[in-house]
Amino acid sequence: MTTGGARSLWLADALAGAEDAPSLEGDERADICIVGGGYTGLWTALRLKELEPALDVVVVEADVCGGGASGRNGGFVLSWWAKFEKLEHLCGGEEAVRLARASAEAVVTIGEFCRRNGIDAHYRHDGWLWTATNAAQVGAWESTLAAIERHGVEAFARLEPREVARRSGSSEHLAGVLEPTGATVQPALLARGLRRVAIERGVRIFERSRMCRLERSRPPRVHTARGSVTAERVVLAMNAWLQQISEVASSLFVITSDVVATDPIPDRLAEIGWTDGVAISDSRLLVNYYRTTLDGRVTFGQGGGAFAFGKKVGAAFEGAAPPGRAERVAASFRSLYPALADVPTPRTWTGPVDRSWTGIPFFAPLGGRPDIVLGAGYSGNGVGPSYLGGRILASLALGRDDEWAQTASLLPPRGGVPPEPIRYLGGRLVRAAVARKERAEDAGKSPGALTRRMAALAPAGLVPLKKR
Ligand SMILES: Cc1cc2nc3c(=O)[nH]c(=O)nc-3n(C[C@H](O)[C@H](O)[C@H](O)COP(=O)(O)OP(=O)(O)OC[C@H]3O[C@@H](n4cnc5c(N)ncnc54)[C@H](O)[C@@H]3O)c2cc1C
């Protein structure tokens with residue numbers, strides 16, 4: 001596995017002039033060893049130090065901290081309100097409200113954490129617009145809003161179509177709702193900032209130190225090419241790369257998400273009135289997500305470009321998105337922003353999304369062992385929720401019996417992903433049907449019955465599929 005390769009625009013900027021932490025050489029001991037230095041691993045490390053400052057916490061990262069999805073994502077910091085129906089289904093209404101509220105508070109807390117710790121992650125708290133960009137998508141949010149409102153909560157504001165077009169800078173947006181809690185960040189600056197604060201608080205970080213073997217001894221031992229860490233507890237915070245752990249293989253599949261970015265075009269953005277930090281998504285399963293940056297670029301991403309086969313998150317998930325996929329994303333950008341159709345998108349990158357079968361992340365001891373715990377499955381919405389992931393995993397690792405450990409018992413890994421090669425081949429067929437369906441809807445046509453039936457086999461994304 002490599003998580004290196006050409007960097008995202010975000011990480012390249014955030015790494016300028018930075019020195020790597022040392023790589024692991026020789027045998028170390030620690031109280032807790034965290035494998036993976038993305039948001040989940042780093043929030044877990046910070047939480048552990050908050051709960052028990054004297055703990056010796058080690059992070060072992062294959063690449064550099066932020067080299068995975070945390071340094072490449074769209075920078076949308078979102079709550080779980082959009083996933084409320086699924087949460088309610090899995091945990092019941094009361095717990096779903098508690099978790100969604102906690103996830104919304106996490107968005108605010110991340111901003112406060114950055115301010116308090118001098119992390120300039122370009123945090124902008126301008127909300128998230130959940131939109132429709134064709135007639136078939138209009139109202140995709142209704143069942144979610146209704147479910148939330150049944151609990152007396154108003155998490156979203158219904159906007160007039162005119163206002164949606166104004167806020168998004170394009171009248172291709174036909175309708176939408178605003179979740180005011182949403183924020184945007186420069187994601188790699190956030191990851192690197194968490195790394196700095198973790199080091200300041202005494203967390204020992206080893207970069208370019210890939211775990212090549214997890215020895216399930218007692219205590220467990222994490223092996224890298226040139227060293228090992230024996231720890232009382234191990235936390236696996238490896239995101240998509242967790243797929244190689246056989247116990248979670250039926251709960252997770254890995255898909256790409258591809259991003260393109262323009263050069264800075266602040267004057268063009270001012271002309272169309274799209275200058276704040278609002279995060280915008282449409283209502284496709286192969287979701288488009290886009291925002292502006294502080295220096296006036298547009299970054300535009302699209303989910304579900306390709307699947308991983310078997311246990312490997314391979315080279316297809318690293319570096320630049322391949323030309324065909326990058327062009328598809330750029331074409332979507334141009335069609336949603338015709339006023340910017342002449343603007344080139346010279347930067348592109350891709351990354352792996354840890355799609356859980358339910359669309360909600362899971363947290364659990366590995367094989368029932370309390371000394372090895374894991375969490376993943378954010379399904380493309382992890383920037384905000386990984387803060388909660390850190391709390392959950394820290395509580396699990398410390399064996400605490402608190403609100404967060406109990407949350408883990410509500411969110412175990414749930415199977416459903418078929419074994420290979422059915423997963424890969426079936427996934428491709430279903431993805432192709434979803435793409436056909438969404439193309440037909442863009443053209444104002446009704447997709448054929450077979451396409452609709454095949455597309456309905458996809459696990460739901462933002463929009464519950466059965467409702468469309
Ligand atoms: C292109 C893209 C766009 C996205 N956009 C958004 C968005 O806008 N909003 C949102 O909320 N979410 C988004 N996501 C998802 C979000 O980025 C993730 O949910 C989040 O970063 C997960 O953090 P993590 O720490 O769990 O994973 P990661 O940041 O991937 O961290 C896991 C780390 O583990 C390391 N690792 C793996 N295997 C090993 C090993 N064997 N030994 C040591 N280290 C190992 C990896 O190198 C990696 O650094 C996006 C994802 C992608 C790929």
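First, a word on scope: everything that follows refers to the structure included in this document.

Analysis parameters
- Residues numbered from 1 in each chain as written.
- Predicted model: local features only at pLDDT ≥ 70, side-chain atom pairs only at ≥ 80, totals over all residues.
- Heavy atoms only, no water.
- Helix = DSSP H or I, 4+ residues; strand = E, 2+ residues; numbered from the N terminus.
- Rg over C-alpha atoms; globule rule 2.2 N^0.38 Å.
- Buried < 20%, exposed > 50% of the residue type's maximum accessible area, 1.4 Å probe, protein only.
- Contact = heavy atoms within 4.5 Å.
- Lys, Arg positive; Asp, Glu negative; His and termini not counted.
- Charge placed at Lys NZ, Arg CZ, Asp CG, Glu CD.
- Salt bridge = Lys/Arg side-chain N within 4 Å of Asp/Glu carboxyl O.
- Near = heavy atom within 4 Å.
- Polar contact = N/O pair within 3.5 Å; in protein donor to acceptor, adjacent residues only side chain to side chain.
- Areas by Shrake-Rupley, 256 points an atom, 1.4 Å probe, with all protein chains shown as cover.
- Nonpolar A, V, L, I, M, F, W, Y, C, P; charged D, E, K, R; others polar.
- Pairing = 2+ DSSP bridges.
- Arc of directions from axis to C-beta.
- Axes fitted to C-alpha atoms, helices over the stretch in contact; angles between N-to-C directions.

1. A closer look at the overall build of the protein
Helix and strand content of the protein: 13 helices and 18 strands. Over its C-alpha trace the protein gives a radius of gyration of 21 Å, about what one expects of a compact globule, namely 23 Å for 468 residues. C-alpha atoms of the protein, sized along the principal axes, occupy 60 × 45 × 45 Å. Among the 468 residues that make up the protein, the fraction classed as buried is 61%. Within the protein, residue pairs in contact and separated by at least 24 positions form 77% of the contacts whose partners lie at least 6 positions apart. Across the protein, 57 positive and 51 negative side-chain charges occur, with their mean positions spaced 6 Å apart.

2. Notes on the pattern of salt bridges
Tallying each qualifying case throughout the model produces 32 salt bridges. We note a salt bridge from R297 to D263, for which the minimum N-O separation is 3.7 Å. Here the residue R297 occupies a position in the loop between β14 (288-292) and β15 (298-307), and D263 occupies one in the loop between β12 (252-261) and α8 (266-272), the gap between them amounting to 34 residues. Taking the relative accessible area as the measure of exposure, D263 reaches 42% and is therefore partly exposed. Residue E420 is joined to R423 by a salt bridge in which the shortest nitrogen-to-oxygen separation is 3.1 Å. Judged by relative accessible area, R423 falls into the buried class, the value being 10%. Residues participating in the shared-partner salt-bridge network are R7, D20, D63 and R208.

3. Quick notes on unusual backbone geometry
That bond from R218 to P219 is cis: its omega, 0°, falls within 30 degrees of zero. In this chain, E420 is followed by P421 through a cis amide linkage whose omega measures 5°. Mapped onto the secondary structure, P421 falls in the loop between α11 (403-410) and α12 (422-442). Its identity as a non-glycine residue notwithstanding, S379 has a phi of 60°, on the positive side. Here S379 lies in the loop between β18 (369-376) and α10 (385-397). Judged by its relative accessible area of 15%, S379 is buried.

4. Structural notes on the site of the ligand
Residues in contact with the ligand amount to 37 residues; listed here are only the nearest, T40, E61, S70, M211 and N239. Measuring from an oxygen atom of the ligand, one finds a side-chain N or O atom of E61 at 2.6 Å. In this structure, an oxygen atom belonging to the ligand sits 2.5 Å away from a side-chain N or O atom of S70. Expressed as a share of its isolated accessible area of 1000 Å², the protein-covered part of the ligand is 99%. Within the residue set of the shell around the ligand, elements represented by two or more residues are α2 (39-51), β12 and β16 (347-356). Examining the composition of the shell around the ligand, we find that three residues originate from one element, β16, more than from any other. The residue makeup of the shell around the ligand, split by class, is 17 nonpolar, 17 polar and three charged.

5. Things to note about the side chain of S79
In this structure, S79 sits in the loop between β3 (76-77) and α3 (84-91). A relative accessible area of 3% means that S79 is categorised as buried. At 3.0 Å, the side chain of S79 forms a polar contact with the backbone nitrogen of W81. Leaving out residues up to four positions away in the same chain, S79 has contacts with A100, S103, A104, V107, E179 and N381.

6. Concerning the pairing of β16
Summarising burial for β16: eight of the ten residues are buried, a large majority. Sheet analysis places β12 next to β16, joined by ten bridges and oriented antiparallel. Bridge pairing in β16 places T256 opposite P352.

7. Observations concerning helix α5 (residues 142-149)
Taken together, the buried positions of α5 are occupied by T144, L145, A147 and I148. Along α5, the residues classed as buried sweep out an arc of 160° about the axis, all on the same side.

8. Comments concerning the sheet that holds β12
Reading across from one edge, β5-β6-β4-β13-β14-β15-β12-β16 is the order of the eight strands in this open sheet, with mixed pairing throughout. Of all the strands in the sheet, just β5 (157-158) and β16 have a single pairing partner and so form its edges. Most of the contacts of helix α9 (residues 323-336) go to β15, to which it runs at about 135°, and overall it touches β12, β14, β15 and β16. In the packing of α12 onto the sheet, contacts are made with β12 and β15, and the angle to β15 comes to roughly 130°.

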